[in-house]
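Read off the chains here:
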Amino acid sequence: MDENEFLDVVKDLDFFKEFEANEIKALGQFKNNIIHYTKGERVIAEGEIGQELYVLLQGEIAITKKSAPGQELNTLNPGALFGEVPLISGSPRLTNAIAKNKILVLKMDQFIFKALPIEVLNRFFKNLLNVLISRLNEMNNSMAEAKTEFDQFLTAYDHVRE
């Protein structure tokens, strides 16, 4: 895949909306980091140590955990980032990421981080920060909703017991 083909694949993904064409092409020059996986292949495994994150370019990924066997916790779609926790914290991977169909990912590792022009790197990390803030917001909203529903259940239960 050359830089122009890479540009065609990622130009409409939300994560790359603010990138200039030349910045996307700079990412696309790392051909060894643009990786295909087939259905059922594991991209990352819970518990492993890693110093890279991934951007899903095409296809879908199932997120699973050993503690919830047979359960798909989430489905990631093109433009999603995953595997960032070990890169940021140094901790082992928290989940598994398994290809649900044929997928294409961009593996962002130390080699790319050191080789990219600083303006591309800054834009990438700014967008990563925005993704993380959005996830935190979604989690907080989900927790607030769950607490409200639980409180309503307890109130209804107390009325039934009376």
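See the structure above.
These notes cover the structure that comes with them. (Residues numbered from 1 in each chain as written. Predicted model: local features only at pLDDT ≥ 70, side-chain atom pairs only at ≥ 80, totals over all residues. Heavy atoms only, no water.)

**Looking at the sheet that holds strand 1 (residues 34–37)**
Pairing is antiparallel in the open sheet, where four strands are placed in the order 1-8-3-6. The sheet is open, and its two borders are formed by strand 1 and strand 6 (81–82), each paired with just one other strand. Two strands pair when backbone bridges link them, and strand 3 (residues 53–58) and strand 6 are joined in this way by two bridges, in the antiparallel orientation. Following the sheet pairing, Tyr-54 is matched in strand 6 by Phe-82. (Pairing = 2+ DSSP bridges. Helix = DSSP H or I, 4+ residues; strand = E, 2+ residues; numbered from the N terminus.)

**With respect to the layout of surface pockets**
Taken as a whole, the largest pocket encloses approximately 910 Å³ of empty space. Every residue lining the largest pocket is counted, 32 residues in all, and those nearest its centre are Asn-74, Leu-76, Leu-81, Glu-84 and Arg-135. Every element with two or more residues in the lining of the largest pocket is listed here: strand 5 (74–76), strand 6, helix 3 (84–89) and helix 5 (118–161). Take the lining of the largest pocket: its biggest share by element is nine residues, from helix 5. For the lining of the largest pocket, the class distribution of residues is 16 nonpolar, eight polar and eight charged. (1 Å grid on protein atoms, 1.4 Å probe; cavity = no way out; pocket = protein on both sides within 12 Å on 5 of 7 lines; lining within 4 Å. Points joined across faces, edges and corners; volume = space filled by probe spheres on them. Nonpolar A, V, L, I, M, F, W, Y, C, P; charged D, E, K, R; others polar.)

**Thoughts on the packing of aromatic side chains**
The tally for this structure, following the rule as stated, stands at 10 aromatic pairs. With a centroid separation of 5.2 Å and 40 degrees between ring planes, the pair formed by Phe-113 and Phe-125 is classed as tilted. With Phe-113 in helix 4 (residues 110–115) and Phe-125 in helix 5, this pair connects stretches of sequence that are 12 residues apart. With relative accessibility at 9%, the residue Phe-113 sits in the buried group. Judged by relative accessible area, Phe-125 falls into the partly exposed class, the value being 32%. A network of ring pairs unites the aromatic residues Phe-15, Phe-16, Phe-19, Phe-113, Phe-124 and Phe-125 as a single cluster. (Phe/Tyr/Trp six-rings, centres within 6.5 Å; stacked < 30°, edge-to-face > 60°. Buried < 20%, exposed > 50% of the residue type's maximum accessible area, 1.4 Å probe, protein only.)

**Focus on the sheet that holds strand 7 (residues 96–99)**
The strand order 2-7-4-5 describes an open sheet built from four strands, whose pairing is antiparallel. Looking along the sheet, the strands with just one partner apiece sit at the ends: strand 2 (42–44) and strand 5. Across the sheet, the axes of successive neighbouring strands diverge by a mean angle of 30 degrees, strand direction being ignored. In this sheet, strand 5 lies alongside strand 4 (residues 61–64) in antiparallel orientation, the contact comprising three bridges. Looking at the pairing, Ile-61 lines up with Leu-76 of strand 5. (Axes fitted to C-alpha atoms, helices over the stretch in contact; angles between N-to-C directions.)

**Regarding the pattern of salt bridges**
In total, this model carries eight salt bridges according to the counting rule given. The shortest N-O distance in the salt bridge between Arg-93 and Glu-52 comes to 2.7 Å. One end of the pair, Arg-93, is in the loop between helix 3 and strand 7; the other, Glu-52, is in the loop between strand 2 and strand 3, and 41 residues separate them in sequence. Of the two residues, Arg-93 and Glu-52, neither departs from the other in class, the shared state being buried. The structure contains a network of salt bridges with shared partners spanning Glu-48, Glu-52 and Arg-93. (Salt bridge = Lys/Arg side-chain N within 4 Å of Asp/Glu carboxyl O.)

**Some thoughts on the pairing of strand 7**
Each regular strand shows side chains that alternate between the opposite faces of the sheet. The alternating pattern of strand 7 places Asn-96 and Ile-98 and Ala-97 and Ala-99 on opposite faces, both of which are buried. Across two bridges, the pairing between strand 2 and strand 7 is antiparallel. Paired with Ile-44 across the bridge in strand 7 is Ala-97.

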